[in-house]
Amino acid sequence: MTAQKKRPAPTVDELAEKVTSGDRVGLARAITLIESVKPDDQLRSQELLEKLLPKTGRAFRIGISGVPGAGKSTLIDQFGVNLIEAGHKVAVLAVDPTSTRSGGSILGDKTRMGRLASEENAYIRPSPTGGSLGGVTKTTRETMAVAEAAGFDVVIVETVGVGQSETTVSKMVDVFVVVAIPGAGDELQGIKRGLLELADIIAVNKADGPNVEHAEKAAQEYRAGLHILAAGNPGWSPSVLTLSAQENKGLDKLWVKIQERHAKLKETGELAKRRGEQAVTWMRELFEQRLLAAFKGGRKAARQWSEMEDKVRAGEMSAVSAATQLSELASAGDEVKSDQPKS
């Protein structure tokens with residue numbers, strides 16, 4: 001019995017055609033290519049993105065974050081179904097935390113968003129963070145672009161949780177929604193001031209049953225707190241609303257607020273400015289990633305990197321001294337050399 005020949009990988013042109021024609025297998029393969037760390041794949045993914053770029057930029061880009069247990073997945077599941085019923089195509093980039101011990105991740109988003117996952121006009125892509133900061137993967141921006149090129153007009157990024165580095169998410173979306181819950185304690189329910197200052201909309205979830213009164217009280221606390229925070233920032237006035245994702249109540253108001261915020265940004269020219277700055281931030285991050293990869297790719301640099309890590313770990317050298325020496329090594333150009341013998 002003869003072995004079947006392995007089907008050749010599609011060319012970049014073929015993959016671009018599959019993505020823009022709405023082929024779901026092609027979309028999945030394109031995102032897998034973008035997430036690959038193989039040098040050849042990275043070159044191909046760069047070419048693919050260049051071809052898809054003219055098809056991007058038309059979607060609502062929404063970031064959704066919140067405290068653990070706030071019901072983000074339930075909210076996105078119901079919210080996405082509502083949007084599809086209204087005629088939209090919804091892509092969800094649900095980012096799973098990677099274990100710092102095992103390197104594994106749960107990748108259970110399609111289970112947590114069961115109804116949305118079964119919709120023909122929805123696409124859910126669970127991806128591990130790989131230890132990157134900001135609650136997103138290193139390729140989230142590229143994945144957003146591919147989803148937009150595939151015709152999804154609402155792209156939602158669900159982040160890992162709340163934290164200081166959630167600013168990363170706000171720098172890649174148009175509207176940033178923070179999901180809160182009633183009855184989680186005082187001091188604005190433990191959500192950090194920094195995260196609140198990033199929010200365009202605060203949605204107090206689980207406003208159902210006996211929690212309705214608590215949710216309204218929490219919303220009032222947020223409005224009072226935000227009024228104080230906004231005193232020094234006249235151009236920033238986030239909305240606060242209550243909803244129940246479980247009972248599908250208030251999600252229509254959330255969509256109206258998102259649309260209003262998006263329209264306002266577009267009207268003032270802030271949307272174009274924001275997206276321009278996001279593109280520059282994307283460029284800088286890619287440059288830093290590739291500069292580091294090129295530096296560690298040189299044999300001498302890689303050896304010294306490993307040696308200094310060992311010394312810092314053992315307390316024989318300070319992190320500052322090690323970073324300084326590595327910077328000097330990079331400045332000397334050794335990061336791209338291969339230790340070839342001098343002629």
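Note that the structure is predicted; figures quoted are calculated from it, not measured.

## Side note on the overall build of the protein
Check the secondary structure of the protein and you find 15 helices and seven strands. Of all intrachain contacts in the protein linking residues separated by at least 6 positions in sequence, the fraction that spans at least 24 positions is 72%. Element-wise, carbon and sulfur atoms account for 52% of the exposed surface of the protein, whose accessible area totals about 18,900 Å².

## Details of the pairing of strand β4 (residues 154-158)
With five of five residues buried, β4 lies mostly within the body of the structure. By the bridge criterion, five bridges tie strand β1 (residues 60-66) to β4 in an arrangement that is parallel. Along β4, the bridge assignment pairs G63 with V157.

## Concerning the confidence of the model for the protein
On average, residues of the protein carry a pLDDT of 81, and 79% of them reach 70 or more. Between residues 97-108, whose pLDDT stays under 50, and residues either more than four places distant or in other chains, the model counts 20 contacts. Overall, residues 131-136 carries pLDDT values under 50, and its contacts beyond four positions in sequence, including any with other chains, amount to 20 contacts.

## Observations regarding the packing of aromatic side chains
Two descriptors summarise a pair of aromatic rings, namely the distance from one centre to the other and the angle between the planes of the rings. Applying the stated rule across the entire model yields three aromatic pairs. Where F79 meets W255, the ring centres are 6.1 Å apart and the plane angle is 65°; that geometry is what we call edge-to-face. Taken together, the positions of F79 in helix α4 (residues 72-85) and W255 in helix α12 (residues 251-268) put the pair 176 residues apart, joining distant regions of the chain. An identical accessibility class is assigned to F79 and W255; each is buried.

## Thoughts on helix α2 (residues 24-35)
Relative to the 16 Å expected for twelve residues at 1.5 Å per residue, α2 spans 17 Å between its end C-alpha atoms, a close match to the ideal helical length. Within α2 the residues assigned to the buried category are G26, L27, A30, I31, L33 and I34. The buried residues of α2 occupy an angular sector of 155° when the element is viewed end-on, so they sit on one face. With a side-chain oxygen positioned 3.0 Å from the backbone nitrogen of V25, the residue opening α2 is D23.

## Brief notes about the nonpolar core
In terms of nonpolar packing, the biggest core is built from 45 residues, with L48, V146 and I202 touching the most fellow members. In this view, I202 contacts V178, A180, L196, Y222, L226, S239, V240 and L241; residues no more than four positions away in its chain are not counted.

## Digging into the pairing of strand β6 (residues 201-204)
On β6, burial covers both faces: I201 and A203 on one face and I202 and V204 on the other are all buried. Of the strand pairs in this sheet, β6 and strand β7 (residues 239-242) are connected by four bridges, and their pairing is parallel. Within the sheet, the bridge partner assigned to I202 lies in β7 and is V240.

## Examining the pattern of salt bridges
Applying the stated criterion across every chain, the model contains nine salt bridges. With a closest N to O distance of 3.1 Å, K249 and E247 form a salt bridge. Residue classification places E247 among the partly exposed residues on the basis of a relative accessible area of 39%.

## Details of helix α13 (residues 270-296)
Helix length check: α13 (27 residues) gives 39 Å between terminal C-alpha atoms against 39 Å at 1.5 Å per residue, within 8%. Those residues of α13 that sit buried are L271, R275, Q278, T281, L286 and F295. Buried residues in α13 make contact with β1, α7 (140-149), α8 (167-170), α12, α14 (299-314) and α15 (319-331).

## Re the side chain of D174
Locating D174 in the fold gives a position in the loop between α8 and β5 (175-180). Looking at D174, its side chain comes within polar contact range of the side chain of H262, at 3.3 Å.

## Section: the packing of α13 against α14
As a packed pair, α13 and α14 sit with axes 6 Å apart at the nearest point and diverge in direction by 95°. With respect to each other, α13 and α14 are oriented roughly perpendicular. Of the residues in α14, those in contact with L292, F295 and K296 of α13 are A301, A302 and W305.

## Re unusual backbone geometry
It is generally the case that most residues other than glycine have a negative phi and that most peptide bonds are trans. In the Ramachandran plot, K206 falls in the positive-phi region, its phi being about 65° despite a non-glycine side chain. Considering the arrangement of structural elements, one finds K206 in the loop between β6 and α11 (212-229). The backbone of N248 shows a phi angle near 55°, a positive value even though the residue is not glycine. Its location among the elements puts N248 in the loop between β7 and α12. Using a relative accessible area of 35% as the deciding quantity, one classes N248 as partly exposed.

## Examining the side chain of Q78
Tracing the backbone through its elements, the reader meets Q78 in helix α4. On the basis of relative accessible area, Q78 is assigned to the buried category, the value being 10%. Among residues more than four places away in sequence, those in contact with Q78 are R115, A245, N248 and L251.

## A word on the environment of R24
Within the fold, R24 resides in helix α2. C-alpha of R24 to C-alpha of A150: the two residues are 126 residues apart in sequence and 8.6 Å apart in space. A distance of 3.0 Å separates a polar atom in the side chain of R24 from the backbone oxygen of E120.

How each quantity is defined
Residues numbered from 1 in each chain as written. Predicted model: local features only at pLDDT ≥ 70, side-chain atom pairs only at ≥ 80, totals over all residues. Heavy atoms only, no water. Helix = DSSP H or I, 4+ residues; strand = E, 2+ residues; numbered from the N terminus. Contact = heavy atoms within 4.5 Å. Areas by Shrake-Rupley, 256 points an atom, 1.4 Å probe, with all protein chains shown as cover. Buried < 20%, exposed > 50% of the residue type's maximum accessible area, 1.4 Å probe, protein only. Pairing = 2+ DSSP bridges. pLDDT = per-residue confidence, 0-100. Phe/Tyr/Trp six-rings, centres within 6.5 Å; stacked < 30°, edge-to-face > 60°. Expected span 1.5 Å × (residues − 1). Arc of directions from axis to C-beta. Polar contact = N/O pair within 3.5 Å; in protein donor to acceptor, adjacent residues only side chain to side chain. Core = buried A, V, L, I, M, F, W, Y, C linked by side-chain atoms within 4.5 Å. Salt bridge = Lys/Arg side-chain N within 4 Å of Asp/Glu carboxyl O. Axes fitted to C-alpha atoms, helices over the stretch in contact; angles between N-to-C directions. Parallel < 35°, antiparallel > 145°, perpendicular 65-115°, else oblique.

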